Amino acid sequence: MFNKIKGQDRVISILKRAIEEDKIAHSYLFYGPDGVGKFTTALYFGMAINCLATHDKRPCGACNSCQKFLSFTHPDFIYTFPFPNPLKSDISASGEIKSDKAIEEYQDYVKNKIKTPWKEFFFTKNIGIRIGSIRMLEHRIYLTPHEANYKIFVIENAELMTVQAANAFLKTLEEPPNDSIIILTTSKPNSLLPTILSRCQKIQFAAISRYLIEKELEKNKFLEKFEIKMYARIANGNMEKALRLIDEGRIESREKTIEFLKFLLSGNDLHFIEFVKKYKTSKTQTQLVEIISHLIIWLADISYFKYCQEEIVNLDKTELIESLYNKNQNVEEYVDNLIEFLEKMLRRLEGHVNPQLIFTEIYNKFKMTFFGKTI
Ligand SMILES: [Zn+2]
């Protein structure tokens, strides 16, 4: 089943070798960008270690043990993830959650993780990994396994451990029992305590190449070629994001981008001024981030229009690309510069600058480039 994980051949071969040579570490840190398969790899690794099939087939995905891992019902698979802080009254003396609402939310999260792991799950409150969860983990780690050879503990987004939780966890990491394997996953290894980092075997996950993402998206027969290319670029190495974009049909931000470019070409600034009013609130920030990602693709398309047309992403809108190109044909003078400018705008958006202000600045920069003037 390891071959289901795309673009992490190096990682998979390290883990397979560890199993074959019986040199499995007791604690691992899987780190790397979001959406590249860290959790799935942790799950499959735990499955492979406990799988009942012959060596070469592990994890088989079909045996009793694998099935339980895949449905998250294996009693020796303990999965910890950031969760909203339950009220004290909602927790029993042994640390278990009592509140129906919290249990429901917990189950919804796990259900989403099993069925549609690429979907984002939004909790009702701020999340973190708290000392209660670590205490529970500590308790379970010293029990003998129910049925597996090794108990598998996966702590997802471990950087979200509170200071208290991290300190408590450190003690567990010092001397984990021989029948336990702990796997931490994170996209921000530097936010973890150095003492935690130094006690784990570190396994780095890479961003997934655009080519591999495109190949994966091609399996979806409903997608147009331009959509495959577009999603793969916006996903920027994040397979989960690519799948999510398709799932959500994120065509809307592309439509907005096209609208923006048409305003620009028409020279009717009033239309733009009306349009940009919708971007006043900080809620529109994510929309603008997407529009900027699209604009970067359009800019690349303009330069492909000149040099290598088969690379164009927005294949269904070549007339728009051509119109922009005709306004200013010196692509080598402005494309890189504009992309750099847009990347700077993305960073400013992270700093919570008003999206309307940023969008207007972008409009002016584009107007200057293609028409030699501003609003
Ligand atoms: Zn199996």
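The rules we used
The residue count restarts for each chain, going from 1 along the sequence in the order it is written. pLDDT decides what is reported in this predicted model: residues at 70 or higher carry local features, side-chain atom pairs at 80 or more are listed and counted, and totals for whole chains, interfaces and linings draw on all residues regardless. Water and hydrogen atoms play no part in the side-chain values, which are based on all heavy atoms of the structure. Burial status follows relative accessibility: with a 1.4 Å probe on protein chains alone, a residue under 20% of its type maximum counts as buried, one over 50% as exposed, and anything between as partly exposed. Secondary structure follows DSSP: runs of H or I at least 4 residues long count as helices, runs of E at least 2 residues long count as strands, and numbering of each begins at the N terminus. Note: two strands are recorded as paired if DSSP finds a minimum of 2 bridges between them. Every crossover in which the path from the first strand over the helix to the second runs clockwise, viewed with the strands pointing away from the viewer, is termed right-handed. Here, patches come from residues exposed beyond 30% relative accessible area and free of salt bridges, joined within 9 Å for like charges and within 5 Å for nonpolar side chains (Val, Leu, Ile, Met, Phe, Trp, Tyr). Using a 1.4 Å probe, the Shrake-Rupley method yields the accessible areas, and only the shown protein chains count as cover for residues. Throughout this description, the term salt bridge denotes a Lys or Arg side-chain nitrogen within 4 Å of a carboxyl oxygen of Asp or Glu. In this analysis a donor is any N, O or S atom within 2.8 Å of a metal ion (3.2 Å for sodium, potassium and calcium), and since water is not included, sites may seem incomplete. All geometry calls rest on donor angles, where a four-donor set with angles between 85 and 135 degrees is tetrahedral, four- and six-donor sets with opposite donors more than 155 degrees apart and all others between 65 and 115 are square planar and octahedral, and all else is irregular. Both cavities and pockets are sets of points on a 1 Å grid over the protein atoms alone; in a cavity a 1.4 Å probe fits but cannot get out, in a pocket the set is open with protein on both sides within 12 Å along at least five of seven lines, and lining residues sit with an atom within 4 Å of a point. Grid points are joined across faces, edges and corners, and a volume is the space filled by probe spheres set on the points. Under the grouping applied here, Gly and all other residues not named as nonpolar or charged are polar, the nonpolar ones being Ala, Val, Leu, Ile, Met, Phe, Trp, Tyr, Cys and Pro and the charged ones Asp, Glu, Lys and Arg. Domain ranges listed in this record stem from an automatic or a database domain assignment. Contacts: residue pairs with any heavy atoms within 4.5 Å of one another. Identification of polar contacts relies on pairs of N or O atoms within 3.5 Å, with a donor-acceptor requirement for protein atoms, meaning one able to donate a hydrogen and the other able to accept it, and with residues adjacent in sequence counted only if both atoms are side-chain atoms.

Peer 1: Residues and numbers for the pairing of strand β5 (residues 151-155), please.
Peer 2: Consecutive side chains of a regular strand alternate in pointing toward one face of the sheet and then the other. For β5, a buried count of five out of five residues is recorded, marking the element as mostly surrounded by other parts of the structure. The two faces of β5 match: Lys151, Phe153 and Ile155 on one face and Ile152 and Val154 on the other face are all buried. The pairing of strand β2 (residues 77-80) with β5 spans four bridges and is parallel. Bridge assignment links Tyr79 to a residue of β5, and that residue is Val154. Where β5 and strand β6 (residues 180-186) come together, five bridges link them in parallel fashion. Its bridge partner lying in β6, Lys151 is registered against Ser180. Chirality of the crossover, the property in question, places the unit of β5, helix α6 (residues 163-174) and β6 among those that are right-handed.

Peer 1: Which residues make up a nonpolar patch on the surface, and what values do they have?
Peer 2: On the surface, Leu270, Ile273 and Ile375 cluster together to form a nonpolar patch covering roughly 290 Å² of accessible area. Mapped onto the elements of the fold, Ile273 is located in helix α12 (residues 269-276).

Peer 1: How would you summarise the pattern of salt bridges if you had to cite specific residues and measurements?
Peer 2: Under the defined criterion, the tally for this structure stands at 14 salt bridges. Across the pair Arg244 and Glu120 runs a salt bridge whose closest N-O atoms are separated by 3.5 Å. Here Arg244, found in helix α10 (residues 239-248), pairs with Glu120, found in the loop between α4 (100-115) and β4 (127-128); they are 124 residues apart in sequence, far enough to count as distant. Among the residues examined, Arg244 registers a relative accessible area of 13% and is labelled buried. On the basis of relative accessibility, which here comes to 43%, the residue Glu120 falls in the partly exposed class. We note a salt bridge from Glu361 to Arg348, for which the minimum N-O separation is 3.1 Å. One end of the pair, Glu361, is in helix α16 (residues 355-371); the other, Arg348, is in helix α15 (residues 331-350), with 13 residues separating them in the sequence. Accessibility expressed as a relative area gives 29% for Arg348, which makes it partly exposed.

Peer 1: I'd like a rundown of the coordination of the zinc ion, residues and numbers included.
Peer 2: Looking at the metal site, the zinc ion is ligated by Cys51 (SG), Cys60 (SG), Cys63 (SG) and Cys66 (SG), spaced 2.2 to 2.3 Å from it. Of note is the zinc ion, whose four donor atoms meet at the metal with angles of 104 to 116° in an arrangement that counts as tetrahedral. The sequence pattern formed by the donor residues of the zinc ion is C-x8-C-x2-C-x2-C. You can call Cys60 partly exposed: its relative accessible area is 26%.

Peer 1: Please set out the layout of surface pockets residue by residue, giving values where relevant.
Peer 2: Approximately 1,700 Å³ is the volume attributed to the largest pocket. Forming the boundary of the largest pocket are 45 residues, of which Gly35, Lys113, Pro117, Trp118 and Glu240 lie nearest the centre. Secondary structure elements with two or more residues in the lining of the largest pocket: α2 (38-50), α4 and α10. When residues of the lining of the largest pocket are assigned to their parent elements, the largest contribution, six residues, is made by α10. For the lining of the largest pocket, the residue count by class is 21 nonpolar, eight polar and 16 charged.

Peer 1: Just give me the short version of the domain arrangement of the chain, but keep the residues and values in it.
Peer 2: Many structure descriptions define interface size as the accessible area lost when the parts assemble. Domain annotation of the chain identifies domain 1 (2-82 + 129-206) and domain 2 (251-371). If you average the C-alpha positions of domain 1 and of domain 2, the two centres end up 43 Å apart.

Peer 1: Lay out the environment of Glu156 in plain terms, naming residues and giving numbers.
Peer 2: Mapping Glu156 onto the fold places it in the loop between β5 and α6. For Glu156, a relative accessible area of 7% gives the class buried. Sequence-distant contacts of Glu156, that is, excluding residues within four places in its chain, are made with Phe39, Tyr79, Thr80, Phe81, Pro82, Tyr109, Lys113, Ile129 and Thr185. Within the structure, the side chain of Glu156 is placed 2.6 Å from the side chain of Lys113, a separation counted as a polar contact.

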